[in-house]
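# Fold and geometry: a report
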Amino acid sequence: MTKHTYSYYPGCSGQGTSMEYERSTRAVCEAVGINLDEIPDWSCCGSTPAHTVDHTLSAALSGRNLGLAAKQGHDCVLTPCPSCLTNLKTAGKHMAESETFKEKVNRLLDEPLETIPDTKSVLQVLFEDLGPDALAKKVARPLKGLKVVTYYGCILTRPPGLMDFDSEENPISMDKLMQAAGAEVLQFPLKTECCGASHGVARRDLVMRLSGKLLDMADSLGADAVVTACPLCQMNLDLRQGQVNSANNASYRLPIFYYTQLLGWALGLPDASLGLDKLCVDPRPALQSISANKEVA
Amino acid sequence: MYQELQRAPHTPSGLFTRAQNIPFAASRQQTPNRLPYAGMPSGDVMQVVNLTNSPDKTFMDRVMEESGQTISLCYQCGNCTASCPYTFGFDIPVSQVMRLLQTGQKETVLSSSSIWLCASCTSCTTRCPNNIDVAKVMDVLRHEARREGFVKERRVKAFFDSFLDSVRSHGRVFEMGLMVDYIRKTGRFWTDMELGPKMLPKGKLAFKPHNIQGRDAIARIFERFEKEGS
Ligand code: SF4
Ligand code: SF4
């Protein structure tokens, strides 16, 4: 794979609640030769709240970032966060399709947007530019014996007309990357179901039920861990796992990894660059079982 | 079927009503022609809608125009409702929201919980056989509800508002500040208090906002939006 430089949009949660995603994304990209050029002084994309208020406002909040990215001169923006991805893509697509909409958005911006850069998830680039085969060759510590389910969340590949990546019903990109890293990927029927999204604060009961269903399925399939690609999914399943347990009278103890953490681990990157200590449910037993498997083999 | 619906015992004088607290089995007896929708949990409440009740005929057109979606194409297949992860919590299942729009039942739709609980997961959009972006329609209904002052789920709206206020002040969302603001807006004690000790030692909760240099530019986006409308 040739070295490629992308504009990089980290997203707000990467600065706080999902700092381990941010850290491990950067570490993995660096290790496989993907250059991430952070958009200078990027701002919040507005996330779900903005598009529930108004589509022009939402597109303007994303548009400022697309404008800053266009100045960097790379052909594509990458982001690890599916929610940011949705907003950046929606804004870009809608403006490209409608001059009227573009004008409305530009009226809200200091600097009108001319060229609209393409946007992709980091996952898409790892899957398409690098690919499972090339990844497998770089694996130093195979995740041998680790049984995982891959949970994509609702918007990483949907709706298909917008995301234009992988399958909307049965995505496989993370499965393939995890297999290349040596993990055993179990068939998970809830790959694109919703975790309860941002309702954790205002209507926690919804999250308890939806995330409870996911954890229950993962647990009953015999998974050692869940692999995620979304800060909100990861937070609901990991940080709120204790709440789910009390609400549902359950006792799950499933580590919830970001896929980049496990890829980084398989690539042999140092723990500190993967933020494994930032996870709430202790991932060490799962990782130790890998080492044990290795010794037996 | 329509006649029977009108004569359903819990439908007083043809007004739109919700059959409160009528368990599924009981309501099925009362309205034998109403089939349960896919994914409907037992014990759910049923609704009876009189479609002739003072419809706002322009409402669907407005929502169609704003969303760019041909709502009139919906033929009630129910795929969206079957796919929707929140059907268990919605007071009106999403396919019924679509039907109510077609019949101009503006107030019923705008005063529903459903439009606030919808998480924009796009299951409905992905699976609608008529390519209606149903999630976008739900979004536009929230815009309409805000404009017209309907807010069934106050806490959900308060959370969204606190989030955007935070972005407006700092350029990026400041999680701690957002929570404090949300508690102030809702008058609720922080029910997630036990999560603090899980996050603090990991350095995940910043006590100070990260103010970006261009935060005035963000504030200006909001100001222009408020002035211009959209
Ligand atoms: S986008 Fe909203 S209405 Fe559609 S399936 Fe998801 S939660 Fe339900
Ligand atoms: S899936 Fe589409 S056509 Fe079917 S009920 Fe929902 S909106 Fe109507």
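Residue positions are given per chain, counting from 1 as you read along its sequence in written order. Labels follow written order: the first chain is A, the first ligand is 1, and so on. Local features in this predicted model are restricted to residues whose pLDDT is 70 or higher, and side-chain atom pairs enter the listing and the counts only when it is 80 or higher, whereas totals over whole chains, interfaces and linings include all residues. Side-chain calculation: all heavy atoms of the structure are included, whereas hydrogens and water are not.

## Topic: the overall build of chain A
Each helix and strand in chain A was counted, giving 13 helices and eight strands. Restricting the calculation to C-alpha atoms gives the radius of gyration, and the globule rule supplies 2.2 Å times the number of residues raised to the power 0.38. For chain A, whose C-alpha radius of gyration is 19 Å, the value lies close to the compact-globule estimate of 19 Å for 297 residues. With the C-alpha coordinates aligned to their principal axes, the bounding extent of chain A is approximately 60 × 45 × 30 Å. Taking all 297 residues of chain A together, 64% fall into the buried category. Here the accessible surface of atoms and residues is derived via Shrake-Rupley with a 1.4 Å probe, and residues count as covered only by protein chains that are part of the display. Accessible surface, chain A as shown: approximately 10,400 Å² in total, 49% of it carbon and sulfur. None of His or the chain ends enter the tally, which takes Lys and Arg as positive and Asp and Glu as negative. For the purpose of locating charges, the reference atoms are NZ of Lys, CZ of Arg, CG of Asp and CD of Glu. Counting 28 positive and 34 negative side-chain charges, chain A places the averaged centre of each group 4 Å from the other. Helix and strand definitions here come from DSSP, where helices need a minimum of 4 consecutive H or I residues and strands a minimum of 2 consecutive E residues; each element is numbered from the N-terminal end. Working definition: with a 1.4 Å probe on protein chains only, accessible area under 20% of the residue-type maximum means buried, over 50% means exposed, and in between means partly exposed.

## Notes on the domain arrangement of chain A
Residues and elements named next belong to chain A. Delimitation of the domains relies on an automatic or database domain assignment. Looking at the assigned domains, one finds that chain A contains domain 1 (4-122) and domain 2 (132-296). The distance between the C-alpha centroids of domain 1 and domain 2 comes to 24 Å. At the junction of the two partners, domain 1 supplies 24 residues and domain 2 supplies 26 residues. Summing both partners gives a buried area of about 2,100 Å² for domain 1 against domain 2, and 72% of it is carried by carbon and sulfur. Salt bridges, as used here, are contacts in which a Lys or Arg side-chain nitrogen is within 4 Å of a carboxyl oxygen on Asp or Glu. Counting every contact that joins domain 1 to domain 2 gives zero salt bridges. Residues adjacent in sequence count toward polar contacts only when both atoms are side-chain atoms; beyond that, a polar contact is any pair of N or O atoms within 3.5 Å, and within protein one must be able to donate a hydrogen and the other to accept it. On the surface where domain 1 and domain 2 come into contact, there are three residue pairs in polar contact (both at pLDDT 80 or more). What makes two residues a contact is simply this: any of their non-hydrogen atoms within 4.5 Å. Two parts placed together each lose some accessible area under a 1.4 Å probe, and the buried area is that loss summed for both.

## Side note on the packing of aromatic side chains
Two numbers describe a pair of aromatic rings. These are the distance of the centres and the angle of the planes. We call Phe, Tyr and Trp rings a pair once their centres come within 6.5 Å, taking the six-membered ring for Trp, and we label the pair stacked below 30 degrees between planes, edge-to-face above 60, and tilted otherwise. If you walk through the whole model with that rule in mind, you get seven aromatic pairs over all chains. Ring plane angle 65° and centroid distance 6.3 Å describe the contact between Phe127(A) and Phe165(A), whose orientation is recorded as edge-to-face. Placement of Phe127(A) in helix H6 (residues 122-138) and of Phe165(A) in the loop between helix H7 (160-163) and helix H8 (173-180) is noted, with a sequence separation of 38 residues between them. Accessibility expressed as a relative area gives 5% for Phe165(A), which makes it buried. A ring pair is formed by Tyr86(B) and Phe90(B), whose centres lie 6.5 Å apart and whose planes are at 20°; its orientation type is stacked. Residue Tyr86(B) shares its accessibility class with Phe90(B), and that shared class is buried. Counting every residue linked through ring pairs, the aromatic cluster contains Tyr21(A), Tyr258(A) and Tyr259(A). If you follow Arg141(A) out to its NZ or CZ, it ends over the ring of Trp265(A), 4.1 Å from the centre. Remark: a charge is flagged as sitting over a ring if the NZ atom of Lys or the CZ atom of Arg is within 6 Å of the ring centre and within 35 degrees of the ring normal. Here the basic side chain of Arg172(B) rests over the ring of Trp42(A), its NZ or CZ set 3.5 Å away from the ring centre.

## A short note on the site of ligand 1
In the vicinity of ligand 1, the contacting residues are Cys84(B), Pro85(B), Tyr86(B), Val94(B), Cys118(B), Ala119(B), Ser120(B), Cys121(B), Thr122(B), Ser123(B), Cys124(B) and Ala135(B). Any residue that is not Ala, Val, Leu, Ile, Met, Phe, Trp, Tyr, Cys, Pro, Asp, Glu, Lys or Arg is counted as polar, Gly included; the first ten are nonpolar and the last four charged. Considered class by class, the residues forming the shell around ligand 1 number nine nonpolar, three polar and no charged. When at least one non-hydrogen atom of a residue lies within 4 Å of a molecule or strand, that residue is treated as near it.

## Here's the deal with helix H9 (residues 204-220) of chain A
By definition here, a helix of n residues has an expected span of 1.5 Å times n minus one. Counted at 1.5 Å a residue, the expected span for H9(A) with its 17 residues is 24 Å, and the 23 Å between its end C-alpha atoms agrees. Residues of H9(A) that are buried include every one of Leu206(A), Val207(A), Met208(A), Leu210(A), Ser211(A), Gly212(A), Leu214(A), Leu215(A) and Ala218(A), and no others. Residues of H9(A) that are buried make contact with strand E5 (147-151), strand E7 (225-228), helix H10 (231-238), helix H11 (241-248) and strand E8 (256-258) of chain A together with helix H7 (114-117) of chain B.

## Structural notes on the site of ligand 2
All names here are of chain B. For ligand 2, the set of nearby residues contains 13 residues, the closest of which are Cys 74, Cys 77, Gly 78, Cys 80 and Cys 128. Counting only elements with at least two residues in the shell around ligand 2, the list comes to helix H4 (79-83) and helix H5 (94-102). Along the lines of polarity and charge, the residues of the shell around ligand 2 split into eight nonpolar, five polar and no charged.

## Looking at the interface of chain B and chain A
Each side of the interface is counted separately: chain B has 55 residues, and chain A has 62 residues. In this assembly, chain B packs against chain A so that about 5,400 Å² is buried in total across both faces, 60% of it on carbon and sulfur atoms. The three residues of chain B that bury the most area against chain A are Arg172(B), Lys202(B) and Lys204(B), which together make up 12% of that side's buried surface. Applying the counting rule to chain B against chain A returns five salt bridges. One salt bridge connects Glu228(B) with Arg107(A), and the closest N-O pair in it is separated by 2.9 Å.

## Considerations on the nonpolar core
In globular proteins that are soluble, nonpolar side chains generally tend to be buried together. With 86 residues, the main nonpolar core has Tyr86(B), Leu101(B) and Leu141(B) as its most contacted residues. Those residues in contact with Tyr86(B), other than ones at most four positions away along the chain, are Cys194(A), Gly196(A), Ala197(A), His199(A), Leu206(A), Leu210(A), Leu117(B) and Ala119(B). Remark: nonpolar core denotes a set of buried residues (Ala, Val, Leu, Ile, Met, Phe, Trp, Tyr, Cys) joined through side-chain atoms within 4.5 Å. Counting residues in each nonpolar core, the second largest holds 52 residues, with Ala27(A), Val139(A), Leu263(A) and Leu276(A) among its members.

## Quick word on the pairing of E5(A)
Residues and elements named next belong to chain A. Along E5, four of the five residues are buried, which leaves the element largely enclosed by surrounding structure. Note: E5 against strand E6 (residues 184-185), two bridges, orientation parallel. The partner of Lys 147 across the bridge, within E6, is Glu 184. Taken together, the four bridges between E5 and E7 define a ladder with parallel strand orientation. Residue pairing in the sheet places Val 149 in a bridge with Val 226 of E7. The pairing criterion for strands is at least two bridges between them, as found by DSSP.

## Digging into the sheet that holds E8(A)
Residue and element names in this part refer to chain A. Taken in spatial order, the four strands make up an open sheet running E6-E5-E7-E8, and their pairing is parallel. Each edge of the open sheet carries a strand with a single partner, namely E6 and E8. Summarising the sheet, E7 and E8 pair through three bridges and their orientation is parallel. When the sheet's bridge partners are listed, Val 227 is paired in E8 with Phe 257. A fitted line through C-alpha atoms represents every axis, and for helices the fit uses only the stretch in contact; the resulting angles, taken between N-to-C directions, go from 0 to 180 degrees. Sitting on the sheet, helix H12 (residues 259-266) touches E5, E7 and E8, and the angle it makes with E8 is about 75°.

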